[in-house]
Amino acid sequence: MPAAVQERLIHPARNIIGSLRLPGDKSISHRYAMLGGFAEGTSRFTNFSTGADCASTLACMQSLGAKVNRTSPDSIEITGVAGRVAPPAHPLDCGNSGSTMRMISGLLAPQSGRFTLIGDASLSRRPMERIRKPLEAMGARLTLTDGHAPLTIDGATLHAIDYATPVPSAQVKSCILFAALQTAGTTTILEEVRTRDHSELALRAFGATLTRTSTAISITGSQSLHAIDAAVPGDLSSAAFFLCAAALFPGSSLVLDSVGLNPTRATLLDVLTALGARISVLNLEEKHDELVGVVQISAPPEGLGSTEVSGALAAQLIDELPVLAAVAPFTSGGIRIRGARELRVKESDRIALVATNLRSMGAEVQEFDDGLDIPGGQALHGATIDSGGDHRIAMAFSVAALRATGDTLIQGADSADISFPEFFDLLDRVAER
Ligand code: S3P
């Protein structure tokens, strides 16, 4: 493998034109890898995420006894353990991936044995109390290190619970669902804000039964899963960088093929439309209950307007907020973000890093505990960007750099590999200079 490029110089662009096919959705790839690794039989996935996070999940599933065969860079065959994992000889290394650590904990809590999960420095700072509480309420024992990883799970026979998630989190919901799948009785999860529902759809695709209302999901345990063949939809959170880039340039025209358009993920399209971008969605189809389609976008000739993101919208847009904030100075009326405190406990403190980096580029920005106010009508200049080793910060500021005056140096650009190793190549392909 070639050495990772730590820094990238981004030149301003004149326009964004072209068509792209995006790599597989990270959230769906994690779930397919976990459930495929847990199911009976051999699953085959195409357009599987090429990011390092999903590679961490595959490696963990392999350590737990699943057989993983990468038949091409984005094609995976995985033979599952049919519901019984093997106690691994070493700690399970979740790398940078909160999804891996939180969701696999749910799979492991009902298994017998002791499991230790570790992660990199960023993951070892992220809150894990949020999975300890529900899993312990079900009867497992989790030992954390000061609320964080490394964490140890002493698996046990669990009992069903009713649980209201205190912060909107699809990872916590999925953790509980994966434990409940193996637990006698009916577990019900109540969520005030509906978070991404890929786990619910994936569980059904692998043959499980669950019921849903607008705020509750119930699953009855002792169900077994069966292998599937699936094509993973393109990642809308990766598409977000290109959609925001195209929205910045009057005269732009971008087509994104086979993008995942699950309604719990597609809020960015509504926000960009509210800002004035012209978006159309074509060829909608369902694949294992996940919506997939072609997205076309062009920027409004008069430029982007203004918008506010708060409440449920902030939770549903959580991964897209860094890039939305990074392009906010180029709107006419600015963007106000509130109710996004969770951004502070992602791979970095994304509120602080967005504010610092926007200021480095010459923007005025006000930081709040749970959001940002970014006035519009601002011009940015090229600067050195501190990505904090956070993939979404590195990519968000590469997009802002396209409209800045002068070049921008992205430090820690290799972090894009976490979710989107193809990012810089694809950006070069559609950015007219
Ligand atoms: C994810 C859920 C979100 C998101 C993360 C992926 C998932 O995290 O930020 O990138 O795949 O379930 P939370 O569930 O912690 O909000």
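Quantities reported herein were computed from a predicted structural model and do not represent experimental measurements.

**Examining the domain arrangement of the chain**
How big an interface is tends to be stated in terms of accessible area lost as the parts join. Structurally, the chain comprises domain 1 (7-24 + 233-432) and domain 2 (26-230). A C-alpha centroid distance of 28 Å is found between domain 1 and domain 2. Domain 1 puts 28 residues into the contact, and the matching count from domain 2 is 30 residues. In total, domain 1 and domain 2 occlude about 2400 Å² of area from one another, counting both sides; carbon and sulfur atoms represent 48% of this. Counting the surface domain 1 buries against domain 2, the share from its top three residues, H288, E347 and I418, is 24%. Along the contact surface separating domain 1 from domain 2 lie three salt bridges. The salt bridge partner of D319 is R196, with a shortest N-O separation of 3.1 Å. Across the contact surface, domain 1 and domain 2 share 17 residue pairs in polar contact (both at pLDDT 80 or more). Going through the elements one at a time, helix 9 (312-316) and helix 12 (391-401) are the ones with two or more residues in the side of domain 1 that touches domain 2. The element best represented in the side of domain 1 that touches domain 2 is helix 9, accounting for three residues.

**Comments concerning the sheet that holds strand 8 (residues 141-145)**
Here we have four strands laid out as an open sheet, ordered 6-7-9-8, and mixed in their pairing. Looking at strand neighbours, the two that pair on one side only are strand 6 (92-93) and strand 8, the edges of this open sheet. Note: strand 7 (residues 114-118) against strand 9 (residues 148-154), four bridges, orientation antiparallel. Within strand 9, the residue paired with L117 across the bridge is L151. With respect to the sheet, helix 3 (residues 98-108) is in contact with strand 6, strand 7 and strand 9, its orientation differing from that of strand 7 by roughly 175°. In this fold helix 4 (residues 129-137) packs onto strand 8 and strand 9, with an angle of close to 160° to the strand it touches most, strand 8.

**Observations regarding helix 5 (residues 170-180)**
Of all 11 residues in helix 5, 11 are buried, a share of seventy percent or more. By the burial criterion, the buried members of helix 5 are A170, Q171, V172, K173, S174, C175, I176, L177, F178, A179 and A180. Here helix 5 starts with a cap whose side-chain oxygen sits 3.3 Å from the backbone nitrogen of Q171, and that cap is S169.

**Some points on unusual backbone geometry**
What is expected of a backbone is that most residues other than glycine have negative phi and most peptide bonds are trans. Geometrically, the link from A149 to P150 is a cis peptide bond, its omega value of -5° lying close to zero. Residue placement: P150 occurs in strand 9. Its identity is not glycine, yet A82 carries a phi of approximately 55°, on the positive side. Along the chain, A82 turns up in the loop between strand 5 (75-79) and strand 6. Look at A82 and you get partly exposed, because its relative accessible area is 47%. The backbone of S258 shows a phi angle near 50°, a positive value even though the residue is not glycine. Tracing the chain through its elements places S258 in strand 15 (residues 253-260). Its relative accessible area of 18% is what places S258 among the buried residues.

**A short note on the side chain of H391**
Residue position: H391 is located in helix 12. Look at H391 and you get buried, because its relative accessible area is 0%. Discounting residues that sit within four places of it in the chain, H391 has contacts with K26, E347, R350, S415, A416, I418 and S419.

Each value, and the rule that gives it
- Residues numbered from 1 in each chain as written.
- Predicted model: local features only at pLDDT ≥ 70, side-chain atom pairs only at ≥ 80, totals over all residues.
- Heavy atoms only, no water.
- Domains from an automatic or database assignment.
- Contact = heavy atoms within 4.5 Å.
- Buried area = accessible area lost by both parts, 1.4 Å probe.
- Salt bridge = Lys/Arg side-chain N within 4 Å of Asp/Glu carboxyl O.
- Polar contact = N/O pair within 3.5 Å; in protein donor to acceptor, adjacent residues only side chain to side chain.
- Helix = DSSP H or I, 4+ residues; strand = E, 2+ residues; numbered from the N terminus.
- Pairing = 2+ DSSP bridges.
- Axes fitted to C-alpha atoms, helices over the stretch in contact; angles between N-to-C directions.
- Buried < 20%, exposed > 50% of the residue type's maximum accessible area, 1.4 Å probe, protein only.

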